[in-house]
Amino acid sequence: MIEMNTIYKSLVEIVDEEYVSNRKEDLYIYSQDPGMMEPHEPEYVVMPRTTEEVEKIAKLANDKKIPIVPVGGSLSLSGLVIPHHGGIVVDLKRMDQVLEVNEKSRYVIIEAGVTTGKLKAYLEKNHPDLRFSIPDAPPSATVVGNIVIHGQGRLTQQYGFNSDMVTGLEVVLPTGEVCKIGSGSVSPYWFSLAPLPDLAGLFLGWFGTTGIITKLGLKLYPKKKIRDIEVFVVEDPNLVPDVINRVTHTEMAEDIFIGAQPYPPVFKDIIMIGMLLTGDSEDEIEFKRKMIWDALRIHIDSKEGGFMMMTPSIKQDLLEMPTSSTTRFADVMKGGGFEYCGPIIPVEKFPEAFQKLLEITTKYGITYGNACRIIGRSHCMMFSFGYPFNRADPENVERTKSALHDTNVASLDIGGVPWKPEVPAQKMIMEKMDKNTLELMNRIKKVLDPNGIMNPGNWEVE
Amino acid sequence: MMFEYADQIHRCFRCGFCKFPSDFTDLNCPSYNRFRFESFSTGGRLWLIWAWLKGEIEWSNHLAKVVFSCTTCKNCVEQCPMKFSEDIIDWIVGTRMDMVEKSLVPTQISEFLDNIYKYGNPWGLPRNERDSWAEGINRYTSGDEYLFYVGCAGSYETQGQRMAKAFADFLKSTGKSFGILGSEEDCDGNEVFYVGEKGLFQELVKKNIDKFNELDVKKIVTLSPHAYNSMKNKYLGLGEIEVVHYTQLLLEMIQKGEIQLKELNAKVTYHDPCFLGRYNEIYDIPREILKNIPGIELIEMERNRQNSFCCGGGSGNFVFDLLGRSEDSPSRIRVREAHGTGAEILIITCPSCYCMLDEAIKTEKLEGILTLKDISELVKESLEKI
Ligand SMILES: Cc1cc2nc3c(=O)[nH]c(=O)nc-3n(C[C@H](O)[C@H](O)[C@H](O)COP(=O)(O)OP(=O)(O)OC[C@H]3O[C@@H](n4cnc5c(N)ncnc54)[C@H](O)[C@@H]3O)c2cc1C
Ligand code: SF4
Ligand code: SF4
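All of these numbers come straight from a predicted model, not from anything done at the bench.

> How should the overall build of chain B be read in this particular structure?
Scanning chain B from terminus to terminus reveals 17 helices and 8 strands. Scaling as 2.2 N^0.38, a compact globule of 386 residues should have a C-alpha radius of gyration of about 21 Å, and chain B matches this with 20 Å. Counting only C-alpha atoms, chain B reaches 65 × 50 × 35 Å along its principal axes. In chain B, which comprises 386 residues, the proportion classed as buried is 66%. Excluding contacts between residues fewer than 6 apart, the proportion of contacts in chain B whose partners are at least 24 apart in sequence is 77%. Taken together, the 45 basic and 57 acidic charged side chains of chain B have centroids lying 2 Å from each other.

Here it is as structure tokens:
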């Protein structure tokens, strides 16, 4: 108790009383995310404003050997921000400043708590010719949280995972030192990670187990004046890899996503492949549209697929960034929840994954929403097995959890890797992982975090 | 009561769309903006309510603070993408009703309600001081065209009194027949409703309607958007009595040519009060009034109309101010935003906003730089211009 009081007092000294809590209500809220993982309460929640404050929190935690869990928007849905071993939750959303935009070298430097919504609004207002690869997560998700989990966004088909767009980091190590990574460690300009050894990899995909990112340099891209969308529809999942291959060959689409769902009935048994077209003139859009139509002519002529007519409201829904329709999926069962396992898979595995989706949902008697995004020029894809659930119905929650378990197994079976995996799925991955790779991961963690205080429970080898 | 919503409230996904205005420029839930713990966001609040209903957490003063610091500004209703969005305020108010019924409310709030019950105003001030501002203004008598319903903030708060006086003087100058209820006026009950004291609200509604009927009132013009909201939308049994907000009457008179506005050169910005804007969709009327004053340049704040940022005073907070005492208090954020437009005058149309923002201008040391004016004060100035 005395120790807890000293920790509380130390935190108050670091960030001010207003931004530290050990109140039951706050601990309750930070014990869970909107997904399905079991909650676990922290002992404290703290909201730093500066890197110096994060540094002091890390030093305190390391000194006292208390866990720290960095938290952004808590929207990964897979319990990655649940403090499985208690400790201090560090909500970073007060660090919300856009620090610099370099228009000519097209990058931005932001603090860790900047949300995707805020960055979008900031660029639209101040740099209307620039954009970033916004994910379709709710706007309260943080950009840093998104890159930490190797997220994907609206420019992912052109430029890869959002984490491939990192140009620099500022990180507070578990032992409290502050490091800059990338060109920013040598120069005032945060333009790229290369040509230095790529240390960013020590923090991306690690779920906050190796340090707390306090600043991020991120690539920006030209923002075209006009956006439009085409949706190609097929019934046979086996055709999807070919359609994707043909469209990506044209290099005309900005973003390519795939969607399938059994409700409403008009969507049953069809697979929709959405292709975002952008351009600075109608001519440019028309040219791109024609190239894509020509590429898919073969499937149109064989009557195996065709372009979908869209009402203006459907079109508007699909063009919205971030789209709110993905979020609305949580209300499908009037149950306030959905969880998705979104393994990254080779594109040719789409039919197999689709088949697994149908099998699992039939087995458990649950519905689904399938939303995939092509990553790179068809280098791989995120295949989402999305399951809405009713958080007020424990039986339904249990059933959906079992479906999620089977999905993780199936994803690994078909040669994919679960994305933003929950702790149980992390364990499945590690079991399958090359032993030397696992040992390397372990060694890195031990060097960076000798006391094992960072988001414990994640990427943890027993 | 809460139990009507108990089987719905879990539908909130805690996605956080409701933290923002529609373009995501800034945080737009005043209580989340003030405290920044997830517990004070709409989603956090709804999850805590559900936890309380399920018995996972117990009532505490802090839980009550979370529940009562929502200003019922309706930003979340506007932004939540779910089908249930229209019910969010009912869920929060339903919880408050439950807490009030079980006497589980913090002292400030029980005092607030007690004072209204005993004295007809939330500060517990004597009833006979209700018209201390109203020298020369007649009591309403049957046959007057309008009952000018002043409300608590207009009757007792210095800033509100300024507004009430400006509008009453203006009405007088136009020759309209009107009167006030003076010490016989009672609280309109809007805040009582949103704070969750349903019984007291119903009692006030009954008292007020009886009084209006006794005096054969046909038309009511309210100073406060809060009173306008409750009378327009919540007073069952008001019958044929027409209720307008004073801005509606102002614009009507301008448009009918009953008043001639003269040039006033000033850059102004306008703050949409929640109970006029999001609750009653009155966005254009105040702007039309401003447009009709020659020389007035309206510079909009980034967050306006449906996206307006609440001053922090809703649901009784203009009295007990659970969001106060910080540079992140909504009223202080709002006056900084107003100042940022380059405007020299911040126009308001609500006495509660007037009180909240006036204090904030002082705290932000913007006195003499940003002047707060009620729209009828501006109209009056324009009329008096030689
Ligand atoms: C409706 C919906 C749609 C979605 N669509 C997409 C999509 O299109 N693309 C996509 O990529 N994702 C999507 N997601 C998943 C997820 O919401 C996003 O990736 C989101 O950006 C994650 O950010 P966050 O701030 O919520 O991260 P959090 O969940 O808060 O954190 C994620 C992980 O990062 C760690 N972390 C957070 N901040 C830091 C830091 N500063 N330093 C170190 N570690 C940190 C946390 O500990 C945690 O392990 C979607 C989610 C939902 C609910
Ligand atoms: S109220 Fe609506 S917008 Fe807000 S968190 Fe809940 S579901 Fe999301
Ligand atoms: S009504 Fe306003 S203060 Fe209350 S939860 Fe909604 S946005 Fe926040």
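Having seen the structure, we can now continue with the description.
> I keep staring at the site of ligand 1 and nothing clicks. Help me out?
Of all residues adjacent to ligand 1, which total 38 residues, the nearest are Pro-70, Gly-73, Ser-76, Thr-142 and Gln-152 of chain A. The residues that come close to ligand 1 belong to more than one chain, namely chains A and B. Residue Pro-70 of chain A places a main-chain N or O atom 2.6 Å away from an oxygen atom belonging to ligand 1. Contacts to ligand 1 include Ala-137 of chain A, whose backbone N or O atom sits 3.2 Å from a nitrogen atom.

> I keep staring at the site of ligand 2 and nothing clicks. Help me out?
Surrounding ligand 2, one finds 13 residues, the nearest of these being Cys-12, Cys-15, Gly-16, Cys-18 and Cys-80 of chain B. Residues belonging to the shell around ligand 2 are distributed by class as follows: 10 nonpolar, 2 polar and 1 charged.

> What should I look at first to understand the interface of chain A and chain B in this one?
Think of interface size as the accessible area that goes away when the parts come together; that is how it is often given. Of the residues lining the interface, 46 residues belong to chain A; the matching set on chain B comes to 38 residues. Between Glu-18 of chain A and Arg-34 of chain B there is a salt bridge, and its shortest N-O distance comes to 2.9 Å. Between chain A and chain B we count 16 residue pairs in polar contact (both at pLDDT 80 or more) in total. Here the side of chain A that touches chain B is composed, by residue class, of 18 nonpolar, 11 polar and 17 charged.

> Would you explain helix α5 (residues 88–101) of chain B in this entry?
An α-helix turns once per 3.6 residues; consequently, residues spaced three or four apart project the same way. Residues and elements named next belong to chain B. Taking 1.5 Å per residue as the helical rise, α5 with its 14 residues ought to reach 20 Å, and the 20 Å between its terminal C-alpha atoms agrees with that figure. Here α5 lies mainly inside the structure; 12 of its 14 residues are buried. Where α5 is concerned, the buried positions are Ile-88, Ile-89, Trp-91, Ile-92, Val-93, Gly-94, Thr-95, Arg-96, Met-97, Asp-98, Met-99 and Val-100. Among the structural elements, α2 (42–54), α3 (61–68), α4 (75–79), α6 (107–119), α9 (190–195) and α10 (198–214) are those in contact with the buried residues of α5. Downstream of α5 by one or two residues, Ser-103 has phi in the positive range, about 55°.

> It is not clear to me how the packing of aromatic side chains should be interpreted in this structure. Could you clarify?
Describing an aromatic ring pair means giving the distance of the ring centres and the angle of the ring planes. A complete count under the given rule lists 27 aromatic pairs over all chains for this structure. A centroid spacing of 5.7 Å and a plane angle of 20° characterise the contact between Phe-350 of chain A and Phe-354 of chain A, whose relative ring orientation is stacked. One end of the pair, Phe-350 of chain A, and the other, Phe-354 of chain A, are both in helix α11 (residues 350–364), 4 residues apart, so they sit about a helical turn from each other. Both residues of the pair, Phe-350 of chain A and Phe-354 of chain A, belong to the buried class. Judged by centre distance (5.8 Å) and plane angle (80°), the ring pair of Phe-20 of chain B and Phe-24 of chain B falls under edge-to-face. Side by side, Phe-20 of chain B and Phe-24 of chain B carry an identical accessibility label, which is buried. Taken together through their ring pairs, the aromatic side chains of Phe-193, Tyr-194, Phe-201, Tyr-235, Phe-275 and Tyr-279 of chain B make up a single cluster. Geometry around Phe-37 of chain B places Arg-23 of chain A over its ring, the cationic atom sitting 5.6 Å from the centre. Above the ring of Trp-47 of chain B, the side-chain terminus of Arg-14 of chain B is found at 4.8 Å from the ring centroid.

> How do you make sense of the environment of Thr-116 of chain A when you look at a structure like this?
One can find Thr-116 of chain A in helix α4 (residues 116–126). Among the polar contacts listed, one links the side chain of Thr-116 of chain A to the backbone oxygen of Pro-139 of chain A, at a separation of 3.4 Å.

> Whenever I open this one, the environment of Glu-203 of chain B confuses me. Can you help?
Along the chain, Glu-203 of chain B falls in helix α10. Considered as a pair, Glu-203 of chain B and Ser-224 of chain B are 21 residues apart in the sequence and their alpha carbons are 20 Å apart.

> Would you mind showing me how to read the sheet that holds strand β8 (residues 166–172) of chain A here?
Strand pairing in a sheet takes place through backbone hydrogen bonds and is either antiparallel or parallel in direction. Residues and elements named next belong to chain A. Pairing is antiparallel in the open sheet, where 5 strands are placed in the order β5-β6-β10-β8-β9. Both edges of this open sheet fall to β5 (98–102) and β9 (178–182), since each of them pairs with a single strand only. When the angles between neighbouring strand axes are averaged without regard to direction, this sheet yields 10°. Pairing between β8 and β9: 5 bridges, direction antiparallel.

> It is not clear to me how the pairing of strand β7 (residues 345–348) of chain B should be interpreted in this structure. Could you clarify?
The two faces of the sheet receive side chains in turn, since in a regular strand these alternate between them. Residue and element names in this part refer to chain B. Residues Ile-345 and Ile-347 point to one face of β7 and Leu-346 and Ile-348 to the other, with burial holding for every one of them. Pairing of strand β5 (residues 266–270) with β7, which is carried by 3 bridges, proceeds in the parallel orientation. Note that in β7 the partner of Tyr-270 across the bridge is Ile-347.

> Help me understand the nonpolar core in this model?
Across soluble globular proteins, you tend to see nonpolar side chains buried next to one another. Of all hydrophobic cores here, the largest spans 225 residues; its most connected members are Leu-119 and Leu-169 of chain A together with Phe-68, Phe-148, Phe-167 and Phe-212 of chain B. Among the elements that take part in this core, α5 of chain B stands out by supplying 8 residues, more than any other. Not counting residues within four places of it along the chain, the set of residues in contact with Leu-119 of chain A comprises Val-98, Val-108, Ile-110, Val-114, Phe-132, Val-143 and Leu-218 of chain A.

> Would you take a moment to explain the sheet that holds β7 of chain B for this structure?
Residues and elements named next belong to chain B. Spatially, β6-β5-β7-β8 is the arrangement adopted by the 4 strands of the open sheet, whose pairing is parallel. The open sheet has two edge strands with one neighbour each: β6 (296–298) and β8 (371–374). Within this sheet the neighbouring strands show an average axis-to-axis angle of 35°, counted without direction. The sheet contact formed by β5 and β6 spans 3 bridges and is parallel. The residue bridging Ala-266 from the neighbouring strand is Ile-296, located in β6.

> Looking at this model, I keep getting lost on the side chain of Ser-41 of chain B. Mind explaining?
Residue and element names in this part refer to chain B. Among the structural elements, Ser-41 can be located in the loop between α1 (30–35) and α2. Polar contacts involving the side chain of Ser-41 include one to the main-chain carbonyl oxygen of Glu-38, which spans 2.7 Å. Discounting chain neighbours no more than four positions away, the residues touching Ser-41 are Lys-19 and Tyr-32.

> Explain the domain arrangement of chain A to me, please; I cannot follow it from the model alone.
Residues and elements named next belong to chain A. Partitioning chain A into structural domains gives domain 1 (1–223 + 422–462) and domain 2 (226–419). Domain 1 and domain 2 are separated by 28 Å when their C-alpha centres are compared. Each partner contributes to the interface: domain 1 provides 33 residues, whereas domain 2 provides 40 residues. When residues of domain 1 are sorted by the area they lose upon contact with domain 2, Met-36, Arg-154 and Gln-157 head the list and together hold 29% of the total. Across the contact surface, domain 1 and domain 2 share 4 salt bridges. For Glu-38, the salt bridge identified is with Lys-401, shortest N-O distance 3.1 Å.

> What should I look at first to understand the environment of Ala-353 of chain A in this one?
All names here are of chain A. By the element assignment, Ala-353 lies in helix α11. Judged by relative accessible area, Ala-353 falls into the buried class, the value being 0%. In sequence terms Ala-353 and Ile-285 are 68 residues apart; their C-alpha atoms lie 33 Å from each other. Setting aside chain neighbours within four positions, we find Ala-353 in contact with Ile-345, Phe-383, Phe-385 and Ile-414.

Definitions and cut-offs
Residues numbered from 1 in each chain as written. Chains lettered and ligands numbered in written order. Predicted model: local features only at pLDDT ≥ 70, side-chain atom pairs only at ≥ 80, totals over all residues. Heavy atoms only, no water. Helix = DSSP H or I, 4+ residues; strand = E, 2+ residues; numbered from the N terminus. Rg over C-alpha atoms; globule rule 2.2 N^0.38 Å. Buried < 20%, exposed > 50% of the residue type's maximum accessible area, 1.4 Å probe, protein only. Contact = heavy atoms within 4.5 Å. Lys, Arg positive; Asp, Glu negative; His and termini not counted. Charge placed at Lys NZ, Arg CZ, Asp CG, Glu CD. Near = heavy atom within 4 Å. Polar contact = N/O pair within 3.5 Å; in protein donor to acceptor, adjacent residues only side chain to side chain. Nonpolar A, V, L, I, M, F, W, Y, C, P; charged D, E, K, R; others polar. Salt bridge = Lys/Arg side-chain N within 4 Å of Asp/Glu carboxyl O. Expected span 1.5 Å × (residues − 1). Phe/Tyr/Trp six-rings, centres within 6.5 Å; stacked < 30°, edge-to-face > 60°. Lys NZ or Arg CZ within 6 Å of the ring centre and 35° of its normal. Pairing = 2+ DSSP bridges. Axes fitted to C-alpha atoms, helices over the stretch in contact; angles between N-to-C directions. Core = buried A, V, L, I, M, F, W, Y, C linked by side-chain atoms within 4.5 Å. Domains from an automatic or database assignment. Buried area = accessible area lost by both parts, 1.4 Å probe.

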